[in-house]
Amino acid sequence: MFFTPLLPDDYLELINPLWSSREIRGRIEAITHETDDSVTVTIRPGWVWEGHEPGQYLRVGVIVDGVHHWRAYSITSDPGRPDGFISITPKLVETGKVTPYLVRKAHPGTIVRLGGVEGTFTLPDPLPRRLLFISAGSGVTPIMSMLRDLARRGALKDVVHLHSARTPDDVIFGEQLRGLDRGHAGYRLHVQHTGECGRLAPADLDRLCPDWSERETFLSGPGEMLDAMHAHWEEHADAAHLHMERFQPVIGGDAAGGEGGEISFLASGDTAHSDGSKPILVAGEEAGAALPFGCRMGICHTCVGRLCSGRVRDLRTGKVSGTEGEMIRTCINAPEGPVEIDL
């Protein structure tokens, strides 16, 4: 009653925007260019920040042109960083909304929203005796957090890292990776410039890391590379020791192709149809509906809508679910019969 009509949280935010108990916020402390088209954004999280494991990703919310957008980025900082700051390292996507803002317009002092930390692309406990990291382009971002964590713990004892980028100037964290290579006898770095030698392929493994099949391996990069490496492990090694971070959903195979059905968007009055293999988001857009979207890969949760009736199929796993009031991601779900969504 003392604070009516405002809440205690409203007064705390006037003193410090990070003192919000309703949501996690962060303040940009620094923006550092890694390459011509990528930056590291260092963020001071609010007091409710609970930390992360190396390799996990974080949803970040920013306001661009008056509209609030969420995107997911791998956390590139060491979770044991003494100042408690975290960092993300977005690479510019010219057609996007958020990365152009972060790379070109964001500045220290900007307040951002921080969503939940997610992801299972993490190091096991206890650590394997021998590790192999394979990355390409911006796929190095979750691996950088792992390497920084291992270096702080004195655990870079038998680690091979194979990385590819188009040119020497395109290597994100190039100086930091070379510094690890110089400073730790147990860390061996190989960088392949794809503009000259092509992307890393399974055929390169025997030459670059002869004992690759005996190492616990963490792989992050473009889908084509991941698919090729996974097939190689399936044929020549134990795929249980291969861990992959994909930046796009795997939609296809047995998981895709359910019953399909009519989609009713209640807020707009639009309708669409999916044959069961087409996500609700795509079907709606093709029918002319203006729907919220973000990463289009099931991570950022920008496309969520409330399911009012019907059931949906997750096109990544084939799992069918649906209860009234459930929040679903339209970019990775297809209708399993007629559905109504509050969008």
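Keep in mind that what you see is a predicted model, and the values were worked out from it rather than measured. (Residues numbered from 1 in each chain as written. Predicted model: local features only at pLDDT ≥ 70, side-chain atom pairs only at ≥ 80, totals over all residues. Heavy atoms only, no water.)

J.: What is the right way to read the side chain of S135 from this model?
T.: With respect to the helices and strands, S135 occurs in strand β7 (residues 131–136). Engagement of the side chain of S135 in a polar contact is seen with the side chain of H163, the distance being 2.8 Å. The residues touching S135, leaving out its near neighbours within four places in the chain, are V140, I143, H161, L162, H163, S164, L200, S220 and M225. (Helix = DSSP H or I, 4+ residues; strand = E, 2+ residues; numbered from the N terminus. Polar contact = N/O pair within 3.5 Å; in protein donor to acceptor, adjacent residues only side chain to side chain. Contact = heavy atoms within 4.5 Å.)

J.: Just to check I follow, could you spell out the sheet that holds strand β19 (residues 339–342) for this structure?
T.: Adjacent strands of a sheet pair through backbone hydrogen bonds, lying either parallel or antiparallel. Pairing within the open sheet is mixed, and its 5 strands lie in the order β13-β12-β19-β14-β17. Only two strands of the sheet have a single neighbouring strand rather than two, namely β13 (271–274) and β17 (327–329). Each adjacent strand pair in this sheet contributes to an overall mean axis angle of 40°, direction not counted. (Pairing = 2+ DSSP bridges. Axes fitted to C-alpha atoms, helices over the stretch in contact; angles between N-to-C directions.)

J.: I'm lost on the pattern of salt bridges in this one. Help?
T.: Applying the stated criterion across every chain, the model contains 17 salt bridges. Across the pair D211 and R215 runs a salt bridge whose closest N-O atoms are separated by 2.9 Å. In this structure, D211 and R215 share a single accessibility class: buried. One salt-bridge network, in which partners are shared between bridges, spans R130, D158, D211, E214 and R215. (Salt bridge = Lys/Arg side-chain N within 4 Å of Asp/Glu carboxyl O. Buried < 20%, exposed > 50% of the residue type's maximum accessible area, 1.4 Å probe, protein only.)

J.: In this structure, what is going on with the nonpolar core? I would like to understand it.
T.: Side chains of nonpolar character tend, in soluble globular proteins, to be buried together. Ranked by internal contacts, the top residues of the largest apolar core, which has 22 residues, are F133, L147, L177 and Y187. Where this core is concerned, the elements lending two or more residues are β7, α3 (140–152), β8 (159–165), α4 (174–183) and β9 (187–193). Of the residues forming this core, the biggest block, 6 residues, is contributed by α3. Apart from the residues within four sequence positions on either side, L147 is in contact with F133, L156, V159, H161, L177, L180 and Y187. The next biggest cluster of nonpolar side chains, apart from the first, holds 21 residues, and it includes V41, I43, W49 and I75. (Core = buried A, V, L, I, M, F, W, Y, C linked by side-chain atoms within 4.5 Å.)

J.: So what exactly am I meant to see when it comes to the state of the cysteines here?
T.: Under the counting rule described, the total for this entry stands at 0 disulfides. Free cysteine C197: the closest other cysteine sulfur is in C209, separated by 18 Å. A relative accessible area of 54% places C197 in the exposed class. (Disulfide = S-S within 2.5 Å.)

J.: Which parts of the structure should I look at to understand the pairing of β8?
T.: Regular strands have side chains that alternate between both faces of the sheet. The element β8 is extensively covered by neighbouring structure, given that 7 of its 7 residues are classed as buried. Residues V159, H161, H163 and A165 line one face of β8 and the alternating positions V160, L162 and S164 line the opposite face, and both faces are buried. Summarising the sheet, β7 and β8 pair through 6 bridges and their orientation is parallel. The residue of β8 that forms the bridge with A136 is S164. Viewed along the sheet, the connection from β7 through α3 into β8 turns out right-handed. Two strands pair when backbone bridges link them, and β8 and β9 are joined in this way by 7 bridges, in the parallel orientation. Each residue of the ladder has a partner; that of A165, found in β9, is H193. Handedness of the crossover is the feature at issue here: the chain leaves β8, passes through α4, returns alongside β9, and the resulting connection is right-handed. (Right-handed = clockwise from strand over helix to strand, strands pointing away.)

J.: Looking at this structure, how should I read α3?
T.: Think of an α-helix as turning once every 3.6 residues; residues three or four places apart then point the same way. Counted at 1.5 Å a residue, the expected span for α3 with its 13 residues is 18 Å, and the 18 Å between its end C-alpha atoms agrees. Those residues of α3 not exposed but buried are V140, T141, P142, I143, M144, S145, M146, L147, D149 and L150. Immediately beyond the C-terminal end of α3, within one or two residues, lies G154, with a positive phi of roughly 65°. (Expected span 1.5 Å × (residues − 1).)

J.: What should I look at first to understand the packing of α3 against α4 in this one?
T.: Think of two packed helices as two axes; the pair is described by the angle between the axes and how far apart they sit. Interhelical geometry of α3 versus α4 gives an angle of 35° and a closest axis separation of 12 Å. The interaxial crossing formed by α3 with α4 has left-handed handedness. Along the contact surface, α3 presents V140, M144, L147, R148 and A151, while α4 presents Q176, L177 and L180. Class assignment of the residues belonging to the contact of α3 with α4 gives a composition of 6 nonpolar, 1 polar and 1 charged. (Left-handed = near helix turned anticlockwise from the far one by under 90°. Nonpolar A, V, L, I, M, F, W, Y, C, P; charged D, E, K, R; others polar.)

J.: Any chance you could explain the layout of surface pockets here in plain terms?
T.: In this approach the atoms are scanned with a rolling probe the size of a water molecule, which exposes any empty space left behind. Considered as a void within the structure, the largest pocket measures approximately 1,000 Å³ in volume. In this structure, the largest pocket is lined by 40 residues; those nearest its centre are A72, Y73, V93, T99 and M297. Going through the elements one at a time, β4 (67–74), α2 (98–105) and α7 (223–236) are the ones with two or more residues in the lining of the largest pocket. No other element matches β4, which puts 7 residues into the lining of the largest pocket. The residue inventory of the lining of the largest pocket, partitioned by class, reads 18 nonpolar, 15 polar and 7 charged. (1 Å grid on protein atoms, 1.4 Å probe; cavity = no way out; pocket = protein on both sides within 12 Å on 5 of 7 lines; lining within 4 Å. Points joined across faces, edges and corners; volume = space filled by probe spheres on them.)

J.: Sorry, what's going on with α4 here?
T.: Considered for burial, the residues of α4 that qualify are G174, L177 and L180. The arc that holds every buried residue of α4, seen down its axis, measures 130°, which confines them to one face. Summarising the geometry of α4, the exposed residues directed more than 90 degrees from the buried face are R182 and G183. Among the structural elements, α3, β8 and β9 are those in contact with the buried residues of α4. (Arc of directions from axis to C-beta.)

By themselves these figures say nothing about function.
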